[in-house]
Structures are given as C-alpha cells and as structure tokens.
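Chain by chain, the residues:
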Amino acid sequence: MKIAYLGPEASFTDLAVRSAFAGDERYPYVTIPECIEAVMEDKVDLAVVPLENALEGSVHITIDYLFHEADLSIVAEITSPIQQHLMIHPNQQEKWQDVHKILSHSHALAQCHKYLHHYFRGVSLEQTTSTAAAAKYVSENPEHPIAAIGNRLASEKYQLMIVQDDIHDFHFNHTRFIVLSKDPRNIDVPISKSNGKTTVMVTLPSDRSGALHQVLSAFSWRNINLSKIESRPLKTGLGNYFFIIDIEQQIDEVLIPGAIAEIEALDCNVKVLGSYQSYTL
Ligand SMILES: O=C(O)C(=O)C[C@]1(C(=O)O)C=C[C@@H](O)C=C1
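Thresholds applied
- Residue indices follow the written sequence of each chain, beginning from 1 at its first position.
- The predicted nature of this model means local features are confined to residues of pLDDT at least 70 and side-chain atom pairs, given and counted, to a pLDDT of 80 or more, with totals for whole chains, interfaces and linings taken over all residues.
- Numbering of helices and strands starts at the N terminus; helices are DSSP runs of H or I of at least 4 residues and strands are runs of E of at least 2.
- In this treatment the radius of gyration is a C-alpha quantity, and the globule benchmark scales as 2.2 Å times the residue count to the 0.38 power.
- In this scheme every C-beta is placed from the backbone, and a residue whose C-beta has 20 or more other C-beta atoms within 10 Å is buried, one with 12 or fewer is exposed, and one in between is partly exposed.
- Any two residues are considered in contact once their C-beta atoms, placed from the backbone, lie within 7 Å.
- What we call a nonpolar core is a set of buried Ala, Val, Leu, Ile, Met, Phe, Trp, Tyr and Cys residues whose membership is set by joining through C-beta atoms within 7 Å.
- Domain borders in the structure are assigned automatically or taken from a domain database.
- Here, the arc refers to the directions that run from the helix axis to the C-beta atoms.
- UniProt positions are given in the numbering used here, feature names are shortened, and annotations may be inferred rather than shown by experiment.
- How sure the predictor is of each residue is captured by pLDDT, a score from 0 to 100.
- Residue proximity rests on one test: whether the C-beta atom, placed from the backbone, lies within 6 Å of the molecule or strand.
- Polarity classes work like this: nonpolar for Ala, Val, Leu, Ile, Met, Phe, Trp, Tyr, Cys and Pro, charged for Asp, Glu, Lys and Arg, and polar for all others, with Gly in that last group.
- If DSSP finds at least two bridges between two strands, the strands pair.
- Axes here refer to lines fitted to C-alpha atoms; in helices the fit is confined to the stretch in contact. Angles between the N-to-C directions go from 0 to 180 degrees.
- We call a crossover right-handed when, viewed with both strands directed away from the observer, the connection leading from the first strand over the helix to the second proceeds clockwise.

## Digging into the overall build of the protein
Counting secondary structure elements, the protein contains nine helices and 15 strands. For 281 residues, the compact-globule estimate of 2.2 N^0.38 gives 19 Å, and the C-alpha radius of gyration of the protein, at 20 Å, lies within 12% of that figure. Counting only C-alpha atoms and orienting by the principal axes, one finds that the protein spans roughly 65 × 40 × 30 Å. The burial tally for the protein puts 41% of its 281 residues in the buried class. Within the protein, contacts between residues at least 6 apart in sequence are counted, and of these 74% link residues at least 24 apart.

## Considering the nonpolar core
Core analysis: the biggest nonpolar cluster contains 53 residues, and C35, A47, V48, V49 and L180 have the highest contact counts within it. When residues of this core are sorted by domain, at least three fall in each of domain 1 (2–82 + 173–181) and domain 3 (192–280). Those residues in contact with A47 that lie beyond four places of it in its chain are A4, Y5, C35, I36, A38, V39 and L180. Among the nonpolar cores identified, the runner-up in size contains 23 residues, and V99, C112, I146 and A154 belong to it.

## Concerning the environment of L116
In this fold, L116 is placed in helix α5 (residues 113–119). Taking C-alpha positions, L116 is 9.2 Å from I102, a pair spaced 14 residues apart along the chain. Ignoring sequence-local partners within four residues, the contact set of L116 consists of I102 and L125.

## Side note on helix α3 (residues 60–68)
Among all positions of α3, only T62, Y65 and L66 are buried. Taken down its axis, α3 places every buried residue within 95° of arc, on the same side. Exposed side chains of α3 directed beyond 90 degrees from the buried face belong to H60 and H68.

## Topic: the UniProt feature "domain: Prephenate dehydratase" (unreviewed entry) in the protein
As annotated in UniProt, the feature "domain: Prephenate dehydratase" (unreviewed entry) corresponds to residues 2–182 in the numbering used here. Along residues 2–182 one finds 31% helix and 32% strand; the C-alpha atoms at either end are 13 Å apart.

## Thoughts on the confidence of the model for the protein
Averaged over every residue, the pLDDT of the protein is 96; the share at 70 or more is 100%. Prediction confidence for the complex, expressed as pTM and ipTM, is 0.95 and 0.96 respectively.

## Side note on the domain arrangement of the protein
Along its sequence, the protein is carved into domain 1 (2–82 + 173–181), domain 2 (85–164) and domain 3 (192–280). For domain 2 and domain 3, the distance between their C-alpha centroids amounts to 39 Å.

## Points about the site of the ligand
Around the ligand, the surrounding shell holds 15 residues, and the nearest of these are S11, F12, H105, H107 and S130. Contributing elements (two or more residues each) for the shell around the ligand: α1 (12–20), β3 (46–53), α4 (106–111) and α6 (131–140). Here the residues of the shell around the ligand are counted per class, giving seven nonpolar, eight polar and no charged. When residues of the shell around the ligand are sorted by domain, at least three fall in each of domain 1 (2–82 + 173–181) and domain 2 (85–164).

## What to know about α6
Within α6, seven of the 10 residues are buried, which leaves the element mostly enclosed by the surrounding structure. Of the positions making up α6, those classed as buried are T131, A132, A133, A134, A135, K136 and V138. On the buried face of α6, the contacting elements are α1, β6 (85–88), β7 (101–104), α4, β9 (146–150) and α7 (152–157).

## Digging into the pairing of strand β14 (residues 241–247)
With respect to burial, β14 is a largely interior element, five of its seven residues being buried. Two strands pair when backbone bridges link them, and strand β13 (residues 226–233) and β14 are joined in this way by seven bridges, in the antiparallel orientation. Within β14, the position partnered with I229 by the bridge is I245.

## A word on the environment of T129
With respect to the secondary-structure elements, T129 resides in the loop between β8 (124–127) and α6. Counting along the chain gives 24 residues from T129 to H105, while the straight-line C-alpha distance between them is 5.8 Å. Aside from chain neighbours lying at most four places away, what touches T129 is V30 and T31.

## Comments concerning the sheet that holds β8
The strand order β8-β7-β9-β6-β10 describes an open sheet built from five strands, whose pairing is mixed. The open sheet is flanked by β8 and β10 (161–164), the only strands paired with a single partner. Recorded for the sheet is a direction-independent mean angle of 35° between the axes of neighbouring strands. Of the strands in this sheet, β6, β7 and β9 are in contact with α6, which crosses β9 at around 150°.

## So, the pairing of strand β1 (residues 2–6)
Counting buried residues in β1 gives four out of five residues, a clear majority hidden from the surface. One crossover worth recording links β1 to the parallel strand β2 (residues 25–29) by way of α1, and it is right-handed. Inspection of the sheet shows β1 paired to β3 by three bridges, in the parallel sense. Pairing of Y5 across the sheet is with V48, part of β3.

Here it is as structure tokens:
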C-alpha cells in the first residue's frame with residue numbers, strides 16, 4: 001500500500017507509520033491538507049496525520065479539513081508516546097545555550113513551553129511544518145546558531161546532536177494519529193490493539209435551546225460512553241459551531257444507529273467520520 005504522511009522523514013507521524021505499516025511505501029507530504037488531498041486524488045491508498053496531543057489538544061487543521069474539505073473515513077487510530085529533544089548542528093556544539101532561534105512544529109513548541117520559558121526566555125521560536133522539517137533546516141544551516149525540537153530519529157537522520165533530552169513539560173505526552181481512506185474498511189495493524197471507537201461530527205439546528213443536551217442524552221440513556229466532545233467554528237459566523245464526538249465503541253447494528261437516528265430527528269446533521277480500531281505503540 002502507498003501511505004502519505006506528514007513529512008519529511010523522521011517526523012513523529014513518520015515514526016507512527018514506520019511502526020504500523022512497516023512493509024508499505026511511505027510518501028512524505030509537507031502539510032496535513034496535502035496528505036489528505038493525496039488520498040482524495042488517489043495518489044496514495046491511505047494517509048496518516050496527527051489528530052490530538054495529550055498536552056496541547058486537537059490538531060485543528062486535521063479536524064477542520066475533514067469537516068469542510070474532505071470526504072474521507074477514519075479507518076484506524078494509532079496512539080504513540082512523544083518524547084521531545086533539543087538538537088543542534090555539531091558545529092554549534094560549544095554555544096548551544098546561546099542559540100538565537102528554536103524551530104519546531106507548533107504542537108512541539110507548545111509541549112515544551114515551560115522548558116523554553118525557563119531556559120530560553122527571549123529566544124525567538126519559529127514554527128515549521130513539522131518537527132522533522134525543523135531538524136532538516138538546522139542541518140542545512142550549520143553556520144546559524146539555531147536549534148530544533150524533535151525526536152531521536154530526526155537527530156540521527158539529519159546528523160544533529162541532542163543537547164537536552166526529554167524536554168516536554170509533562171511526562172504523559174502522547175499523540176493520536178488517524179489513518180484516513182476513501183472508503184470505510186478494516187485496517188489490520190500488527191501492533192497492540194485496544195477497544196474500537198466511532199467518531200461523528202454533529203451540527204445542531206440554529207438557535208434551539210437544549211439541542212446539545214438532547215444530543216448528549218441520545219447517547220447517555222443508551223449507556224454509550226463518549227470520550228471526547230469538542231466544538232469547532234462552522235466558519236459561517238461567530239457563535240456557529242459543529243461538534244466532533246468520539247464514542248468509546250465501534251458502530252453496532254442497534255445502539256449507535258439508534259442514537260444517530262434520534263439525533264437526526266432533532267434536526268441535527270450527523271456525519272460518521274469512521275468506526276475503527278485503536279492501536280497503541
Ligand atoms: O511534527 C511532527 O513531527 C509531527 O508529526 C506533527 C506532530 C503534531 O502535529 O502534533 C505530531 C506529534 C507531536 O505531537 C508533534 C508534532
């Protein structure tokens with residue numbers, strides 16, 4: 001299979017793809033929308049993109065793109081531990097504490113916020129398209145006093161030196177990656193499997209009091225466990241939102257379809273993004 005991922009090589013997304021799809025062909029793309037479009041345009045079979053980090057929360061571009069732009073299904077979820085390290089070009093080894101700029105993905109910078117505030121106050125932070133893109137940039141600019149934040153594979157791949165390891169602010173740092181496909185299908189990944197999940201996106205009728213409460217009741221009285229609900233702007237005006245809801249079980253024949261039918265009868269719009277297995281690295 002051909003698999004698009006947020007690259008370049010040695011991003012955290014690449015690490016997840018290497019573990020879950022060891023024998024498959026990997027195709028790096030610069031941005032998350034480019035990965036998603038590669039599936040829509042049949043350039044690849046699947047795309048793997050980040051969805052949520054335990055410290056920094058959702059990757060909004062992924063959620064928004066799936067709601068507004070793409071008609072794809074989530075076919076698997078891969079949760080991976082995330083360890084962030086500070087790395088520099090070996091030419092800058094002596095002066096690593098005096099770097100002028102630190103580059104990384106916005107989520108990685110946020111995961112190390114306390115560390116950066118404490119040790120690199122006043123140093124400019126620059127966002128890159130991924131942690132691996134930051135490492136690659138540092139390796140291509142050996143004369144600049146700059147550093148990147150990323151994983152160990154990136155330091156090896158781009159021949160950088162790790163000067164501080166495990167700089168993420170909280171020990172429990174995990175990211176959920178989703179596997180996207182044009183058709184709902186079963187993807188079997190040779191890593192440890194936990195319970196299945198279903199993700200839906202719900203739009204409420206405008207201006208009806210209690211609508212969200214009624215949506216949640218449709219799940220609650222059926223004893224369907226939810227693990228996440230988050231609102232995102234509909235982009236039609238202030239105060240207009242859609243909701244992304246994670247259900248802690250795979251779609252069945254009765255309970256979830258029943259809840260969806262009840263929610264639709266309330267004039268809500270429901271889109272099932274996927275019903276899939278959850279894997280943990
Ligand atoms: O930049 C990378 O290496 C990515 O794969 C992206 C990403 C993210 O979007 O959250 C993935 C995992 C980490 O949480 C940091 C960055």
